[in-house]
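A look at the structure
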Amino acid sequence: MAADKSGSSKKNSAGPSNATSNNEEKTGGQSTRLRTDVVLPQSKVKVIMKSSPEIEVIGGDSVFLITKATELFIDHLTTAAYGTCKGNKSMQYKNLAEVVHKHQNMEFLRDIIPIKIPARLALQEMAKQTHIDNKELME
C-alpha cells in the first residue's frame, strides 16, 4: 500500500516542466511563461511589431522586453511631465509638450507632441513662410 500511495502521489504531482498551468502559453511545441509584471497588453504590442514589413518572426521574450521598455519610457515621460506641473496635481498636454521640447533625447517626439500655439500666431507664421517661399520662386 505504501508503494501505491507514493506511486500515485508521483503521478498526481507532476513537476513544473511537465505540466502546463494557467500561467503558461503553448507556442510552437514549447510552453513559455506569460510575463505578468507588465501592464500593457503584450498581444497588442506584438500586433504593432508585426506591422513592420522587416519583421517576420517575433519571439515571446522580445515582445516582453519591448512591452517592458515601452512601459518604462511612458513612466519616465510622465514623471518628467508631472514635475513641470508647478503645484498643480493634474498634468496637461502642455506639460508633456514642454518636456519633449526641453530635452534633447525627446527630439524624436517633437512632431508628434508639438507645443500648441494660438491659431492667430500659426496663421501669421504660415503667411510669413508663404511670403518667403514666393520670394524664392521669383528670384
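Residues numbered from 1 in each chain as written. Predicted model: local features only at pLDDT ≥ 70, side-chain atom pairs only at ≥ 80, totals over all residues. Heavy atoms only, no water.

1. Here's the deal with the overall build of the protein
Quick reminder of the rule: Strands are runs of DSSP state E lasting at least 2 residues, helices are runs of H or I lasting at least 4, and numbering of each runs from the N terminus. Three labels apply to residues, based on accessible area from a 1.4 Å probe with only protein chains included: buried if under 20% of the type maximum, exposed if over 50%, partly exposed otherwise in between. A contact between two residues is defined here by any heavy atoms of the two lying within 4.5 Å. Method for areas: the Shrake-Rupley scheme with a 1.4 Å probe, in which residue coverage is limited to the protein chains shown.
Check the secondary structure of the protein and you find five helices and two strands. For the protein, the sequential pattern of α-helices and β-strands runs α-β-β-α-α-α-α. Within the protein, the fraction of its 139 residues that count as buried is 14%. For the protein, contacts bridging at least 24 residues in sequence account for 26% of all contacts bridging at least 6. Here the protein displays about 11,500 Å² of accessible surface, and carbon together with sulfur accounts for 57% of that area.

2. Topic: the nonpolar core
Side chains that are nonpolar tend, in soluble globular proteins, to be buried together. Put simply, the test is: Nine residue types can take part in a nonpolar core, namely buried Ala, Val, Leu, Ile, Met, Phe, Trp, Tyr and Cys, and a core is a set of them joined through side-chain atoms within 4.5 Å.
In terms of nonpolar packing, the biggest core is built from eight residues, these being Leu77, Ala81, Ala97, Val99, Val100, Met106, Leu109 and Ile113. For this core, the element with the highest residue contribution is helix α4 (residues 93-102), accounting for three residues. Every residue in contact with valine 100, bar those within four places of it in the chain, is listed here: Leu77, Met106, Leu109, Arg110 and Ile113.

3. Structural notes on helix α3 (residues 60-82)
So the rule is basically this: The span you would expect from a helix comes to 1.5 Å times its residue count less one.
Here α3 spans 33 Å end to end across 23 residues, near enough to the 33 Å set by a 1.5 Å rise per residue. Within α3, the full set of buried residues consists of Val63, Phe64, Thr67, Glu71, Leu77 and Ala81. The inward-facing, buried residues of α3 contact α2 (42-50) and α4.

4. Focus on the packing of α2 against α3
How we decide: Throughout, an axis means a line fitted to C-alpha atoms (over the contacting stretch in the case of helices), and angles, computed between N-to-C directions, take values from 0 to 180 degrees. Oblique is the label for any angle not under 35 degrees, not over 145, and not in the 65 to 115 range, which are roughly parallel, roughly antiparallel and roughly perpendicular in turn. Nonpolar residues are Ala, Val, Leu, Ile, Met, Phe, Trp, Tyr, Cys and Pro. Charged residues are Asp, Glu, Lys and Arg, and all others, Gly as well, are polar.
Between α2 and α3, the shortest axis-to-axis distance is 9 Å and the interhelical angle comes to 100°. Classified by the angle their axes make, α2 and α3 are roughly perpendicular. Here Gln42, Val45, Lys46 and Met49 of α2 come into contact with α3, specifically with Ser62, Val63, Phe64, Ile66 and Thr67. Of the residues belonging to the contact of α2 with α3, the class tally is five nonpolar, three polar and one charged.

5. Quick notes on the packing of α3 against α4
Taken N-terminus to C-terminus, the directions of α3 and α4 make an angle of 105°; their axes are 8 Å apart at the nearest point. If you check the angle between α3 and α4, you find them roughly perpendicular. Every residue of α4 that contacts α3 at Leu77, Ala80 and Ala81 is listed here: Asn95, Leu96, Val99 and Val100. Residues belonging to the contact of α3 with α4 are distributed by class as follows: six nonpolar, one polar and no charged.

Function cannot be read off these values alone, since they describe shape.
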